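Structure assessment
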Amino acid sequence: MTFTPTDYNPYDFANRRHIGPSPLEMAEMLEAVGCDSLDQLIGETIPASIRQDKPLAWAPLSEHELLAKMRAVGAKNRVMTSLIGQGYYGTVTPPAIQRNILENPAWYTAYTPYQPEIAQGRLEALLNYQTMVCDLTGLDVANASLLDEGTAAAEAMTMAERVSKSKARAFFIDENCHPQTIEVIRTRALPLGIEILTGAPEELDATRVFGAIFQYPGTWGHVRDLTPFIDSLHAAKAVAVVATDLLALMMLKAPGEMGADIAVGSAQRFGVPMGYGGPHAAFMSCRDDYKRNMPGRIVGVSIDARGNKAYRLSLQTREQHIRREKATSNVCTAQALLAVMASMYAVFHGPKGLRAIAERVHSYTIRLAKALRAAGATLPPKHFFDTITVEVGVGQAGILAAARAEGLNFRKVGHDHVGISLDETTNEDVLRRVLRAFGILDAPLPEGDLGFPVELLRQSEVLTHPVFHMNRAESEMMRYMRRLSDRDLALDRAMIPLGSCTMKLNAAAEMMPITWPEFGSLHPFVPADQAAGYAEAIADLSEKLCEITGYDAMSMQPNSGAQGEYAGLLTIQAYHRSRGDDQRKVCLIPVSAHGTNPASAQMCGMEVVVVKSSPNGDVDVEDFRAKAAEAGTRLAACMITYPSTHGVFEETVREICAITHEFGGQVYIDGANMNAMVGLVKPGQIGGDVSHLNLHKTFAIPHGGGGPGMGPIGVKAHLAPHLPGHPEIGGSEGPVSAAPYGSASILLISWAYCLMMGGEGLTQATRVAILNANYIAARLRGAYPVLFMGNRGRVAHECILDTRPFADHGVTVDDIAKRLIDNGFHAPTMSWPVAGTLMVEPTESETKAEIDRFITALHAIRAEIAAVEAGEIAAEDSPLRHAPHTVNDLVADWTRKYSREQGCFPPGAFRVDKYWPPVGRVDNVHGDRNLICTCPPVEAYAQAAE
């Protein structure tokens, strides 16, 4: 007997951990698909004319090798105490929240709560967030978060223009706003033709503007009553926006009490690490009569089929993929996970705890200011909360250097001032180090009362709802977070087969480094030499993404896919301007393109021209050519999604790119479907000039219940000089997000994914994603028509099931989606891109067993539809219409025309680990007619219980 060593590699992350099906399972799946090999399937799916010629070459790392590398790279960052402020502050993330929310896949792998019955936990947490924001800002309605403070301020400007009764076309920006906020607003205003005026609030001429934004407290620390300026705006029928700080509002008079119409800001300092810029949840609140013009998502309260209280996303018709070119914004991404963290921080501390933290920060600031003034320093802000600016003259460089020697970062303000912002992490030692940086030794630190007029001291109560007054023992907090997560269905429970959303594995090893202090504790504006580790990671990720896409340069700034689209189109516009082609405004967008594309073009001031589809779902090339020729020298760009939103690799993609270039336009290839291309097709080599990449889809950043996301853009060399700039790092163009590298900390997730997969692993992942989708299409053929296929009968990484014929018998796509909940599944994407259909994307991470369970569920649902078709049961009496079934349904008197067994335990559902939705089918119409967007009073809970 001879010894034969095993060739099994337990550390092969790509094939043992990330990719779901085993080699044996793949062989069985290929047999069902009708192919002898994976190579044959790929050859029948992707046109040979667009296949890349060179493989992705870098070698993979194992999980333990990856973590060792990340430790080494993180060590190159120098973590200091940053007192830079400017919208970013040190904070303490309660360990209970870090462990039970941020590090918990039940929270970070959840999808956007479009199916509210299986998202009641995170919807409650987001409603808590909205209530917190409304209370603190003193306004009526808040949304469920936006990308960052700069984006929120820009959205507030365009919202103000929509609601203002003024005829003016200018917008005023208080010079006390954060510099990055001013620049993001300028970026947004330019293509829309909005004139920007800046200056001191006293310089505001309200008759010249449709709105104005003020910072409160100001970027250099100033605290002032904004009521007179807001009154002057209202007299001129203009809108007042206030950018503010939630912790400061625990002590300061609320913007709403000054008459503000809209408030914006960041919830970062409520327990969310700085992370070199993000991700952080921005907030927006407004007066009640403006709510239907508010961008983003709003969580509201409705009822379910039994009349019980149920949460849902309200006013969903404002979602931008539905409104397309009529959209007021392309915002369809929130920062849900970070908003949940911030809301839990408020629940964890309650109003007394938050007030105590605010008072402590303010007290330290007063003591520091008094000590500096006693030593002869001049501090321009007479009134302040947590930030002071010190006049230092020619000694600025020396004081900044002395601060760094003390392990501190001050803010460089002009040429002769420094700024100092204190925060929750400040203590006596920090104060002593600050004073030593100024050469002040052993100075007394006198106590003080208030650093601002008593008239600005908050008098109104905040956070009065019972949820903010629960027992804060960690045992109770832990149970509360567990109860909420148990109400949800995330990837830790089941497959989420959403087409175009790529809900793949978010591996633990990829997630771990973002919580390490060497990555989480960096301020985004620290000197470059303190962020060498981040620079290395971002540079290497950029290089790998360029190799994957065939582009020459990357911008890591956009905070979401939609923001990436916007940034890419701005880059194209800047390129045309540089060539004197200002007239190029027409953007050709096929009807099959990704839904945010028309909204993004509209935000850039482009004229959207829609291109027809052929009967097979492909872009109608003749219509495309005709409209490109008609646009002529006015053609700016085309936006196409590839493979198409219909889930097909269209054969004519090179021709479409060539036509666009023939007429002088640039080709934007939407990267939403890169999961079908990595390692096989490079968009930059088939005619694309620019693409965004959804890192939260293809490159493994988790969705987090609707954010965080990142949407970096890749461009060909001629567009590289026109990528977004930033006041902190330069560049000829304006920024699209508040931080130079967007949500930099989560770039580490995608970098880790690329490092562990290796080039070969990434390519295999793409191949298996295509196999899994074709396996589902093959197994369901005959039960559900597959709407679009390529010329050789193959789909890409997703397929569209046509459920429209069932409507003739009263069975809707909603019925099927809700019935899948009973089977323990999140529904596929409903009614998009074709109304009345289901778009299914299994991803490469799902095992054959889970895919088979999904197929079993859909076959069982088809049998129930057949019973309706045969007249054996009416649609309204069937389990389809009563789905989803709750525990209340199971134990209540049973009068339905099918058994409890059939209703509650259909094929595909686990019996021991059965998922029970906490509410029945949610009544959307009731929720929109009776809009409630903050936590309902405690009596409502009692009524629901009854």
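The rules behind the values
Residues numbered from 1 in each chain as written. Predicted model: local features only at pLDDT ≥ 70, side-chain atom pairs only at ≥ 80, totals over all residues. Heavy atoms only, no water. Core = buried A, V, L, I, M, F, W, Y, C linked by side-chain atoms within 4.5 Å. Buried < 20%, exposed > 50% of the residue type's maximum accessible area, 1.4 Å probe, protein only. Helix = DSSP H or I, 4+ residues; strand = E, 2+ residues; numbered from the N terminus. Contact = heavy atoms within 4.5 Å. Pairing = 2+ DSSP bridges. Arc of directions from axis to C-beta. Polar contact = N/O pair within 3.5 Å; in protein donor to acceptor, adjacent residues only side chain to side chain. 1 Å grid on protein atoms, 1.4 Å probe; cavity = no way out; pocket = protein on both sides within 12 Å on 5 of 7 lines; lining within 4 Å. Points joined across faces, edges and corners; volume = space filled by probe spheres on them. Nonpolar A, V, L, I, M, F, W, Y, C, P; charged D, E, K, R; others polar. Axes fitted to C-alpha atoms, helices over the stretch in contact; angles between N-to-C directions. Parallel < 35°, antiparallel > 145°, perpendicular 65-115°, else oblique. Left-handed = near helix turned anticlockwise from the far one by under 90°. Salt bridge = Lys/Arg side-chain N within 4 Å of Asp/Glu carboxyl O. pLDDT = per-residue confidence, 0-100. Right-handed = clockwise from strand over helix to strand, strands pointing away. Phe/Tyr/Trp six-rings, centres within 6.5 Å; stacked < 30°, edge-to-face > 60°.

Examining the nonpolar core
If you look at the biggest cluster of nonpolar residues, it comprises 239 residues, and the most contacted ones within it are Met 132, Phe 410, Ile 420, Phe 438 and Phe 649. No other element matches the 22 residues that helix α23 (residues 744-780) contributes to this core. Apart from the residues within four sequence positions on either side, Ile 420 is in contact with Leu 83, Leu 368, Asp 386, Thr 387, Ile 388, Val 390, Phe 410, Val 434 and Phe 438. One finds Ile 173, Ile 185, Ala 282 and Val 331 within the second-largest nonpolar core, a separate group that totals 33 residues.

Description of the sheet that holds strand β22 (residues 799-802)
Spatial ordering of the open sheet is given by β22-β24-β23, a layout of three strands whose pairing is antiparallel. With one partner strand each, in any of the chains shown, β22 and β23 (829-830) form the two edges of the open sheet. Relative to strand β24 (residues 837-840), β23 runs antiparallel, the two being bridged by two bridges. Its bridge partner being in β24, Thr 829 is matched across the sheet by Met 839.

Some thoughts on helix α5 (residues 95-102)
Restricting attention to buried positions, one finds in α5 the residues Ala 96, Ile 97, Asn 100, Ile 101 and Leu 102. The arc enclosing the buried residues of α5, seen along the axis, measures out at 160°, which places them on a common side. Seen from the buried face of α5, the exposed residues on the opposite side, beyond 90 degrees, are Pro 95 and Arg 99. Considering only its buried residues, α5 is in contact with α6 (105-108), α12 (336-374) and α15 (474-486).

Thoughts on the side chain of Ser 691
Mapped onto the elements, Ser 691 comes out in strand β20 (residues 690-692). Assessed through its relative accessible area of 2%, Ser 691 is described here as buried. Within the structure, the side chain of Ser 691 is placed 2.7 Å from the backbone oxygen of Ile 669, a separation counted as a polar contact. Those residues within four positions of Ser 691 in sequence are excluded, and the remaining contacts are Tyr 551, Tyr 668, Ile 669, Pro 683, Pro 712, Ile 713 and Gly 714.

Quick look at the layout of surface pockets
One way to see where empty space is left: roll a probe the size of a water molecule over the atoms. Considered as a void within the structure, the second largest pocket measures approximately 510 Å³ in volume. Lining the second largest pocket are 26 residues; nearest its centre among them are Phe 525, Val 526, Pro 527, Ala 528 and Glu 728. Secondary structure elements with two or more residues in the lining of the second largest pocket: α13 (396-405), β12 (408-409), β13 (411-413) and α18 (532-549). At five residues, the largest contribution of residues to the lining of the second largest pocket is made by α18. The residue makeup of the lining of the second largest pocket, split by class, is 19 nonpolar, three polar and four charged.

So, the environment of Leu 445
Secondary-structure assignment places Leu 445 in the loop between α14 (428-437) and α15. Residue Leu 445 is classed as buried on the basis of its relative accessible area, which comes to 10%. Linking Leu 445 and Arg 577, residues 132 residues apart in sequence, is a C-alpha distance of 56 Å.

What about the packing of helix α9 (residues 179-192) against helix α19 (residues 561-578)?
It is at 12 Å that the axes of α9 and α19 come closest, and there the two elements cross at 60°. The pairing of α9 with α19 is recorded here as oblique in orientation. α19 is crossed by α9, and the crossing has left-handed handedness. Contacts from Thr 187, Arg 188, Leu 190 and Pro 191 in α9 reach Tyr 566, Leu 570, Gln 573 and Arg 577 in α19. A class-by-class count of the residues in the contact of α9 with α19 yields four nonpolar, two polar and two charged.

Structural notes on the pattern of salt bridges
A pair can form between side chains of opposite charge whenever their charged atoms are brought close. Applying the stated criterion across every chain, the model contains 46 salt bridges. Residue Glu 202 is joined to Arg 224 by a salt bridge in which the shortest nitrogen-to-oxygen separation is 2.1 Å. In this pair, Glu 202 is assigned in the loop between β4 (195-199) and β5 (209-216) and Arg 224 in the loop between β5 and α10 (227-235), connecting sequence segments 22 residues apart. Linking Asp 852 and Lys 848 is a salt bridge whose minimum nitrogen-to-oxygen distance equals 2.8 Å.

Regarding the sheet that holds strand β11 (residues 387-391)
The strand order across the open sheet formed by three strands is β11-β14-β13, and the pairing between neighbours is antiparallel. The sheet terminates laterally at β11 and β13, the two strands that pair on one side only. Pairs of neighbouring strands in the sheet enclose a mean axial angle of 30°, with direction left out of account. Relative to strand β14 (residues 417-421), β11 runs antiparallel, the two being bridged by five bridges. Each bridged residue has a counterpart across the sheet, and for Val 390 the counterpart in β14 is Val 418.

Some details on the confidence of the model for the chain
Should the pLDDT be low somewhere, the predicted coordinates at that spot are not to be read in detail. The predicted model of the chain averages 95 in pLDDT, with 97% of residues at 70 or higher. Below a pLDDT of 50 lies the segment residues 941-946, which in the model reaches six contacts outside its immediate sequence neighbourhood of four places, other chains included.

Here we look at the pairing of strand β6 (residues 239-245)
Of all seven residues in β6, seven are buried; the element is thus mostly enclosed. Burial along β6 is two-sided: Val 239, Val 241, Ala 243 and Asp 245 facing one way and Ala 240, Val 242 and Thr 244 facing the other are all buried. Both β5 and β6 contribute to a ladder of six bridges, which runs parallel. Across the sheet, the residue bridging to Gly 211 is Val 239, located in β6. Each parallel crossover has a hand, and for β5 linked through α10 to β6 it is right-handed. Sheet topology places β6 next to strand β7 (residues 262-266); five bridges connect them, and they run parallel.

Regarding the packing of aromatic side chains
As enumerated under the stated definition, the model contains 16 aromatic pairs in all. Between Phe 410 and Phe 438, the ring centres sit 5.8 Å apart and the planes meet at 25°, which makes this aromatic pair stacked. Placement of the pair is Phe 410 in the loop between β12 and β13 and Phe 438 in the loop between α14 and α15, with a sequence separation of 28 residues. Accessibility expressed as a relative area gives 7% for Phe 410, which makes it buried. Look at Phe 438 and you get buried, because its relative accessible area is 19%. Measuring from ring centre to ring centre gives 6.5 Å for Trp 516 and Phe 519, while their planes differ by 25°; the resulting arrangement is stacked.

A closer look at helix α21 (residues 621-631)
Listing the buried residues of α21 in full gives Val 621, Asp 623, Phe 624, Ala 628 and Ala 631. The arc that holds every buried residue of α21, seen down its axis, measures 160°, which confines them to one face. Along α21, the residues that are exposed and aim more than 90 degrees away from the buried face are Glu 622 and Glu 630. Contact partners of the buried residues in α21: β16 (586-590), β17 (607-611), β18 (635-641) and α22 (653-662). Positioned one or two residues after α21, Gly 632 has a phi angle of 55°, which is positive.

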